[in-house]
Amino acid sequence: MTFKLTLAVMALAIGLGSAPSVAQTHHDVQAGNLTIHAPFARSSARSASSGAAFLTIENTGATADRLVDARADFAMVQMHVTKVDGNGVATMQHLSDGIEIAAGATVTLEPGAMHVMFMGLKQPLVAGETRRVTLMFEKAGAVEIDFPVVAPGQGAPMMGHGTMQMN
Ligand SMILES: [Cu+2]
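Rules and cut-offs
Residues numbered from 1 in each chain as written. Predicted model: local features only at pLDDT ≥ 70, side-chain atom pairs only at ≥ 80, totals over all residues. Helix = DSSP H or I, 4+ residues; strand = E, 2+ residues; numbered from the N terminus. Buried ≥ 20, exposed ≤ 12 C-beta atoms within 10 Å, placed from the backbone. Contact = placed C-beta atoms within 7 Å. Pairing = 2+ DSSP bridges. Core = buried A, V, L, I, M, F, W, Y, C linked by C-beta atoms within 7 Å. pLDDT = per-residue confidence, 0-100.

Peer 1: Could you give an account of the overall build of the chain, naming the residues involved and the relevant values?
Peer 2: Each helix and strand in the chain was counted, giving zero helices and 13 strands. The order of α-helices and β-strands along the chain, N terminus first, is β-β-β-β-β-β-β-β-β-β-β-β-β. Across the 167 residues that make up the chain, the buried fraction comes to 33%. The long-range share in the chain, meaning contacts at least 24 apart out of those at least 6 apart in sequence, stands at 74%.

Peer 1: Lay out the pairing of strand β11 (residues 130-137) with the relevant residues and their values.
Peer 2: Only one face of β11 is covered, namely the face carrying Arg-131, Val-133, Leu-135 and Phe-137; the face carrying Thr-130, Arg-132, Thr-134 and Met-136 is uncovered. Here strand β5 (residues 65-71) pairs with β11 via four bridges, running antiparallel. By the bridge assignment for β11, Arg-71 is matched with Thr-134. Strand direction decides the pairing type here: β11 and strand β12 (residues 141-150), joined by eight bridges, are antiparallel. Counted as the bridge partner of Leu-135 is Val-143 from β12. Hairpin connection of β11 to β12: three residues between the antiparallel strands.

Peer 1: Got a sec to walk through the nonpolar core? Specific residues and values, please.
Peer 2: Judged by nonpolar contacts, the single largest core of 28 residues is most densely connected at Ala-41, Ala-52, Ala-53, Leu-67, Val-116, Val-133 and Phe-147. Those elements giving two or more residues to this core turn out to be β3 (34-42), β4 (50-59), β5, β8 (99-101), β10 (114-119), β11 and β12. With five residues, β4 is the largest single contributor of residues to this core.

Peer 1: Can you break down the environment of Ala-31 residue by residue, with the values?
Peer 2: Along the chain, the position of Ala-31 falls in strand β2 (residues 29-31). On the basis of neighbour counts, which here come to 18 C-beta atoms within 10 Å, the residue Ala-31 falls in the partly exposed class.

Peer 1: Which residues make up the confidence of the model for the chain, and what are the values?
Peer 2: Considering every residue of the chain, the mean pLDDT works out to 82; 75% of them sit at 70 or more. Per-residue pLDDT stays below 50 along residues 1-25; that stretch engages in 64 contacts with residues further than four places along the chain or on separate chains. Contacts for the low-pLDDT stretch residues 154-167, under 50 throughout, to residues beyond four places or in other chains number 34 contacts.

Peer 1: Tell me what's going on with the environment of Met-114, and back it up with residues and numbers.
Peer 2: Within the element layout of this structure, Met-114 appears in strand β10. With 20 C-beta atoms packed within 10 Å, Met-114 lands in the buried category. The sequence separation of Met-114 and Gln-93 amounts to 21 residues, and the corresponding C-alpha distance is 9.2 Å. The residues contacting Met-114, other than those within four sequence positions of it, are Met-79, Val-81, Ile-99 and Leu-109.

Peer 1: Give a description of the pairing of strand β7 (residues 90-94) that names residues and reports values.
Peer 2: For a regular strand, side-chain orientation follows a simple rule: the groups alternate between the two sheet faces. Examined bridge by bridge, strand β6 (residues 76-84) and β7 share five bridges and lie antiparallel to one another. Of the residues in β7, the one forming a bridge with His-80 is His-94. Following β6, the chain reverses through five residues before pairing antiparallel with β7; Gly-88 in that reversal takes a positive phi of roughly 80 degrees.

Peer 1: Describe unusual backbone geometry, with residues and values.
Peer 2: With a phi close to 50 degrees, Ala-38 is a non-glycine residue in the positive phi region. For Ala-38, the position within the fold is in strand β3. Its 19 C-beta neighbours within 10 Å are what place Ala-38 among the partly exposed residues.

Structural data, given as structure tokens:
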């Protein structure tokens, strides 16, 4: 799939807000040469049909791995990257080839950058809940991650992705 997801104006639902201050060390998950750190999802507005989640992936191995897919029972999941141009206009692009984690590299999915995108949410993401997502790595295989849902930091806009268009 090569379609591009364009997010019109929006200061980004998945935003440019501050990082949540939650104890995340308990959520580290080891899978082969990969360590998943600090997963969290942003809570979503009741009317929002999409949301986003973030995590850090560390590859301590000697070969590259790749996050090729992700699945959840509560939404369709894709990997996206957000880019903001000089006018503050954000666009989201579907990373259809997934996300490479080079040997020895640490890749961080964070607000305003790469993220795990939930589309067609069956229920809103409520702060305090956790949502299980299965990440599919080329080498490390399927890895189940529980993402704690965290409210956006103050000042972070609570806007949905409702106007996102697929071209
Ligand atoms: Cu997205």
